[in-house]
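# A closer look at the structure
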Amino acid sequence: MEKGPFSVEWLAQSSRGGAQPVAATRGRRSPPGGTGGRDSPADLGDSPGHEAQAGGGGPAVPGRPRTKFSAAQLQELERSFREQRYIGVSEKRRLAAVLNLSQSQIKTWFQNRRMKFKRQTQDAR
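I will try to describe carefully the structure that is included in this document. Quick caveat: nothing in here was measured; it's all calculated off a predicted structure.

Parameters and conventions
- Residue numbers restart at each chain and count upward from 1, following the sequence in its written direction.
- This being a predicted model, a pLDDT of at least 70 is required before a residue's local features are given, and a value of 80 or more before pairs of side-chain atoms are given or counted; all residues contribute to the totals for chains, interfaces and linings.
- Processing note: side-chain calculations cover all non-hydrogen atoms of the structure and skip hydrogens and water entirely.
- Put simply, DSSP marks the helices as runs of H or I at least four residues long and the strands as runs of E at least two long, and each gets a number from the N terminus on.
- The cut-offs for exposure are 20% and 50% of the maximum accessible area for each residue type, with area from a 1.4 Å probe on protein chains only; residues under the lower value are buried, those over the upper are exposed, and the others partly exposed.
- By the convention used here, residues are in contact when the closest approach between their heavy atoms is within 4.5 Å.
- Each accessible area value is a Shrake-Rupley result obtained with a 1.4 Å probe; residue values ignore everything except the protein chains displayed when judging cover.
- Put plainly, a pocket is an open set of points on a 1 Å grid over the protein atoms alone with protein on both sides within 12 Å along at least five of seven lines, a cavity is a set where a 1.4 Å probe fits but cannot get out, and a lining residue has an atom within 4 Å of a point.
- Grid points are joined across faces, edges and corners, and a volume is the space filled by probe spheres set on the points.
- Only Asp, Glu, Lys and Arg are considered charged, only Ala, Val, Leu, Ile, Met, Phe, Trp, Tyr, Cys and Pro nonpolar, and every remaining residue, Gly among them, polar.
- Here a Phe, Tyr or Trp ring, Trp counted by its six-membered ring, pairs with any other such ring whose centre lies within 6.5 Å, and the pair is stacked when the planes are under 30 degrees apart, edge-to-face when over 60, and tilted otherwise.
- Criterion for a salt bridge: a side-chain nitrogen of Lys or Arg within 4 Å of a carboxyl oxygen of Asp or Glu.

## Details of the overall build of the protein chain
Helix and strand counts for the protein chain stand at 5 helices and 0 strands. Ordering the α and β elements of the protein chain from the N terminus gives α-α-α-α-α. Within the protein chain, the fraction of its 125 residues that count as buried is 18%. Here the analysis covers contacts within the protein chain between residues at least 6 apart in sequence; of these, 37% occur between residues at least 24 apart. Total accessible area on the protein chain is roughly 9700 Å²; 51% of this is exposed by carbon and sulfur atoms.

## Topic: the layout of surface pockets
One way to see where empty space is left: roll a probe the size of a water molecule over the atoms. Counted as a void, the second largest pocket has a volume near 470 Å³. In this structure, the second largest pocket is lined by 14 residues; those nearest its centre are Arg66, Thr67, Phe69, Trp109 and Asn112. Listed by contribution, the elements that provide at least two residues to the lining of the second largest pocket are helix H3 (71–83) and helix H5 (103–123). The biggest single contributor to the lining of the second largest pocket is H5, with 6 residues. Of the residues belonging to the lining of the second largest pocket, the class tally is 4 nonpolar, 4 polar and 6 charged.

## With respect to unusual backbone geometry
A negative phi holds for most residues other than glycine; trans holds for most peptide bonds. One non-glycine residue, Asn100, adopts positive backbone phi at about 60 degrees. Mapped onto the secondary structure, Asn100 falls in the loop between helix H4 (89–99) and H5.

## A look at the packing of aromatic side chains
Following the criterion strictly, the structure yields 4 aromatic pairs and no others. The interplanar angle of 55 degrees and the centroid separation of 6.1 Å between the aromatic rings of Phe81 and Phe110 together place this pair among those described as tilted. A residue pair is termed long-range when its members are at least 10 positions apart, and Phe81 in helix H3 and Phe110 in helix H5 qualify at 29 residues. The burial state of Phe81 is the same as that of Phe110; both residues are buried. Between Phe81 and Phe117, the ring centres sit 6.1 Å apart and the planes meet at 65 degrees, which makes this aromatic pair edge-to-face. Of this pair, Phe81 sits in helix H3 while Phe117 sits in helix H5, placing them 36 residues apart in sequence. Given a relative accessible area of 25%, Phe117 falls into the partly exposed group. In this structure an aromatic cluster arises from ring pairing among Phe81, Trp109, Phe110 and Phe117.

## Notes on the pattern of salt bridges
In total, this model carries 5 salt bridges according to the counting rule given. With a shortest N-O distance of 2.6 Å, Glu76 and Arg79 are connected by a salt bridge. Taken together, the residues span about one helical turn, with Glu76 and Arg79 both in helix H3 at a distance of 3 residues. A relative accessible area of 27% means that Arg79 is categorised as partly exposed. What emerges from the salt-bridge pattern is a single network uniting Glu76, Arg79, Glu83, Glu91 and Arg94.

Limitation: the analysis is restricted to geometry and does not speak to function.
Structure, rendered in structure tokens:
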């Protein structure tokens, strides 16, 4: 009887590097009961975006490339952040339109900027 992925036995073997899930894919995980198994690991090994995770240095699945904000965009974002650390829906929409960015990018920038602010204030103590 083959032990399915995420069983106690499989997890014990996988922690020693011995077990592979039935629908193994490099760099991707399908949820239990999902539709995995369509691609074999050999098919995925040479295709771009499916590099082996040696050392766990990056995201599992390549996503959107990092956004490089212009100086004008950063100036406006910083100005808005100084006024209010938590951005409302209407201000998010306004900034997205003015700066030619998505609302998601604005939201993420504010989240990251709040974390930077938190680190800076903790380091100052």
